[in-house]
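Structural description and commentary
What follows is the residue order along each chain.
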Amino acid sequence: MKNTKKTKLLILGSGPAGFTSAIYAARANLNPILITGKNIGGQLIQTLNIENWPGNFPYITGSKLMKQLNDHAVYFNTKVINDTIIKIINFKKSPFILEGNLFNFICKSIIIATGSYPKLLGLSSEKKFLGKGISYCAVCDGFLYRNKIVSVIGGGNTALEEALYLSNISSQVHLIHRKNYFTAEKILIQKIEKKIKDKKIILHAPYVVKKILGNHTGVTNIKIISLNNQSTEIIPVYGIFILIGSIPNTSLFQKKLKLNKKGYILTNHYKLNHKNFFTQTNIPGIFAAGDVMDHIYRQAITSAATGCMAALDAQKFLNKNE
C-alpha cells in the first residue's frame, strides 16, 4: 500500500515553470510539494548553452540553470519528490487526489507545469546528434551558428519565423519542407520569399530528411530526398533546427480538463476579469503554467513568468477558500 502525502499545493513538473512556482509558493508559506516527473529539469537539460536567461551572461548551461532553480526552491523549503503521477483519482473539486508511482497525494490546489516536447522526425541519427547540432529552438540556440550554414525543417509559422530569425544570424539557411506550399501566415511567406530571392534562404520543397550525418564533433551534413522524383541531395550544414510542431504533456488530463485542439490546457487568460485567475483552468483550484498551456512563446523565461503567476493565483485561491 502506497503512503499518502498531503499538502496545500502540489506542483507537477520540474522545468522553469514548476520550480519558479515552487519558489513563490514556498515564500508564501504554502509548503508546496513538487513532483519532478520522468523528465527532471524539462527540455532545458538538453540545451548546452543558454545565452538569453537574464543576468547569466555570456551564457549558462541548461543543467546548471535547472540545478540553481532546484536549489532555490529547496532553500525556501519546497519538498521535491522524484515521482511520476500515473493516475488522477479526483479532479472534480478540492481536495484533489492523485496517484504516483511511489506515493498518493492529497492537495487543496494544483499547478500543472508538465511542459511539452518537440515532435521528432523519428530518425536514429536525430537522437545521435541531439545537442550536437540538432536543436528544436532557433531563438535558444541560433547564436551558436553565427555566420554558419544551417537548415530548418518545417513549413508552419514557427518554422518560417525561426528561418527568418536565423537568416539574420547564419550565413545561409536551407529551408526543407515536405509540401509544395506553406501552412504559415501569408505575411511570413512573403518575407520568406524575399529572403529566397536574396539567396539568404534556400528552399527545398517538397523534400523530406533521409538522414543526418556527422562525426564526433557534431552535425556535418543533411541528406534529403525529393518527394517528386526520389532524387537525393546532401547539404553541408553545421546546425539543424527541427520545427515541425510540439506536443504538450497533457495525456493524463484528457477528459479531466479543458484542452484546445492541439492538446494545450486552456486557462482564463483569454477572459480575464476581476473574478478570474489568469492561470486557472476550468476547475477552480487547478492552475497551469509554462509550455503545457503556452504554444506561442515557448521560452524558458516566459515559462518561469507564468509559473510565478500560477503560484500567486494559487495563493489567492487558498486564502479565499480556507
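See above for the structure.
None of these values were measured; they are calculated from a predicted model. Numbering of residues begins from 1 in every chain and follows the order in which that chain's sequence is written. pLDDT decides what is reported in this predicted model: residues at 70 or higher carry local features, side-chain atom pairs at 80 or more are listed and counted, and totals for whole chains, interfaces and linings draw on all residues regardless. Side-chain measures were taken over the full set of non-hydrogen atoms in the model, leaving aside hydrogen atoms and water.

1. A short note on the side chain of Asp 294
This is how it is decided: Runs of E in the DSSP output that reach at least two residues are strands. Runs of H or I that reach at least four are helices, and both are numbered from the N terminus. Relative accessible area decides the class of each residue, using a 1.4 Å probe on protein chains only: under 20% of the type maximum gives buried, over 50% gives exposed, and in between gives partly exposed. Here a polar contact is taken to be a pair of N or O atoms separated by no more than 3.5 Å, where protein atoms must pair a possible hydrogen donor with a possible acceptor and residues adjacent in sequence count only if both atoms sit in side chains. Residue contacts are defined here by distance: any two heavy atoms, one from each residue, within 4.5 Å place the two residues in contact.
Looking at the element boundaries, Asp 294 is found in the loop between β17 (286-288) and α7 (300-321). Note on Asp 294: relative accessible area 12%, which makes it buried. Looking at Asp 294, its side chain comes within polar contact range of the main-chain nitrogen of Ile 296, at 2.9 Å. A polar atom in the side chain of Asp 294 sits 3.1 Å from the backbone nitrogen of Tyr 297. The contact partners of Asp 294, leaving out residues within four places of it in the chain, are Tyr 264 and Thr 302.

2. Focus: helix α1 (residues 16-27)
Using the following cut-off: Each helix should span, by expectation, one fewer than its residue count multiplied by 1.5 Å.
With 12 residues, α1 extends 17 Å from end C-alpha to end C-alpha; this agrees with the ideal 16 Å at 1.5 Å per step. Those residues of α1 lying buried are Pro 16, Ala 17, Gly 18, Phe 19, Thr 20, Ser 21, Ala 22, Ile 23, Ala 25 and Ala 26. Tucked into the core, α1 has its buried residues touching β1 (3-12), β2 (33-35), α2 (62-75), β3 (79-81), β6 (103-112) and α7. Asn 29 occupies a position one or two residues after α1 and carries a positive phi of about 60°.

3. Let's talk about the side chain of Ser 116
Mapped onto the elements, Ser 116 comes out in strand β7 (residues 116-118). When sequence neighbours within four positions are dropped, the list of residues in contact with Ser 116 reads Gln 43, Ser 246, Ile 247, Pro 248, Asn 249 and Asp 291.

4. Some details on the pattern of salt bridges
Quick note on the threshold: Should a side-chain nitrogen of Lys or Arg be within 4 Å of a carboxyl oxygen of Asp or Glu, the pair is scored as a salt bridge.
Counting across every chain of the model gives three salt bridges. The shortest N-O distance in the salt bridge between Lys 67 and Asp 71 comes to 2.7 Å. Here Lys 67 and its partner Asp 71 are both found in helix α2, four residues apart, which amounts to about one turn of the helix.

5. Here's the deal with the sheet that holds strand β11 (residues 201-204)
Heads up, the condition is: By this definition, two strands are paired if DSSP reports at least two bridges between them.
Across the sheet, five strands lie side by side as β8-β15-β9-β10-β11; this open sheet has parallel pairing. The open sheet has two edge strands, β8 (134-135) and β11, and neither has a second partner. Here strand β10 (residues 172-176) runs beside β11; their pairing, made up of four bridges, is parallel. Bridge pairing in β11 places His 174 opposite Ile 202.

6. Some thoughts on the state of the cysteines
Operational definition: Any two cysteine sulfur atoms lying within 2.5 Å of each other are counted as a disulfide.
Counted under the stated rule, the structure contains one disulfide. The disulfide that involves Cys 137 links it to Cys 140, with 2.3 Å between the sulfurs. Across the disulfide from Cys 137 to Cys 140, rotation about the S-S bond amounts to roughly 70°, and the bridge is consequently right-handed.

7. Section: unusual backbone geometry
Of the consecutive residues Ser 94 and Pro 95, the connecting peptide bond is found in the cis state with omega at 5°. One non-glycine residue, Asn 29, lies in positive phi territory at about 60°. Of note, Asn 29 is situated in the loop between α1 and β2. For Asn 29, a relative accessible area of 58% puts it in the exposed group. Positive phi, close to 65°, is recorded for Lys 199, a residue that is not glycine. Tracing the backbone through its elements, the reader meets Lys 199 in the loop between α6 (186-197) and β11. With relative accessibility at 61%, the residue Lys 199 sits in the exposed group.

None of this, on its own, says anything about what the molecule does.
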